[in-house]
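# A closer look at the structure
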Amino acid sequence: MKVTNKIMMVNVEHQIAVGNDAITATVIHQVCLTEGKNGEVVADVDFVDIENIEFLGIKIGNGYEEFQKFKTQMNEMGIDVDELINEKCVGLITTGDIQKLKNEYRDLVK
């Protein structure tokens with residue numbers, strides 16, 4: 001057996017508040033780290049989920065259907081929840097965070 005590639009995948013959670021703190025939630029990003037062709041560590045970040053959603057302190061049920069219903073209701077009032085969340089997610093995972101994960105990957109695959 002020959003191992004040809006090693007991958008480390010981690011989930012990173014952040015608490016966010018949008019719309020003057022009217023909507024709060026936990027957003028989850030997945031970071032995939034692997035070694036590139038020339039030996040550098042490559043990181044890819046993807047938004048994967050949102051949990052613990054509250055609107056004005058009222059919990060919105062977890063799950064795809066509940067969240068879609070909430071987004072539809074908000075959209076009917078002219079509020080684009082996806083846009084608010086996407087804007088808030090920009091920069092949540094910093095270059096410093098990525099560097100720390102790259103260092104952890106290097107330590108793991110020694």
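Scroll up for the structure.
Notes on the structure follow.

Ranked by internal contacts, the top residues of the largest apolar core, which has 14 residues, are I23, I50, I53, F67, F70, V81 and I85. If we skip the residues at most four places from it in the chain, I85 touches I16, V27, I50 and F67. By size, the runner-up hydrophobic cluster in this structure holds 9 residues, among which are M8, V12, V31 and I98.

A side chain with one charge may pair with a side chain of the opposite charge, provided their charged atoms come close. This structure, assessed with the given rule, holds 2 salt bridges. One salt bridge connects K71 with D82, and the closest N-O pair in it is separated by 3.0 Å. With K71 in helix α1 (residues 64–76) and D82 in helix α2 (residues 81–89), this residue pair connects regions lying 11 residues apart in the sequence. Judged by relative accessible area, which is 15%, K71 ranks as buried. Residue D82 is classed as partly exposed on the basis of its relative accessible area, which comes to 36%.

The rules behind each value
- Residues numbered from 1 in each chain as written.
- Predicted model: local features only at pLDDT ≥ 70, side-chain atom pairs only at ≥ 80, totals over all residues.
- Heavy atoms only, no water.
- Core = buried A, V, L, I, M, F, W, Y, C linked by side-chain atoms within 4.5 Å.
- Buried < 20%, exposed > 50% of the residue type's maximum accessible area, 1.4 Å probe, protein only.
- Contact = heavy atoms within 4.5 Å.
- Salt bridge = Lys/Arg side-chain N within 4 Å of Asp/Glu carboxyl O.
- Helix = DSSP H or I, 4+ residues; strand = E, 2+ residues; numbered from the N terminus.

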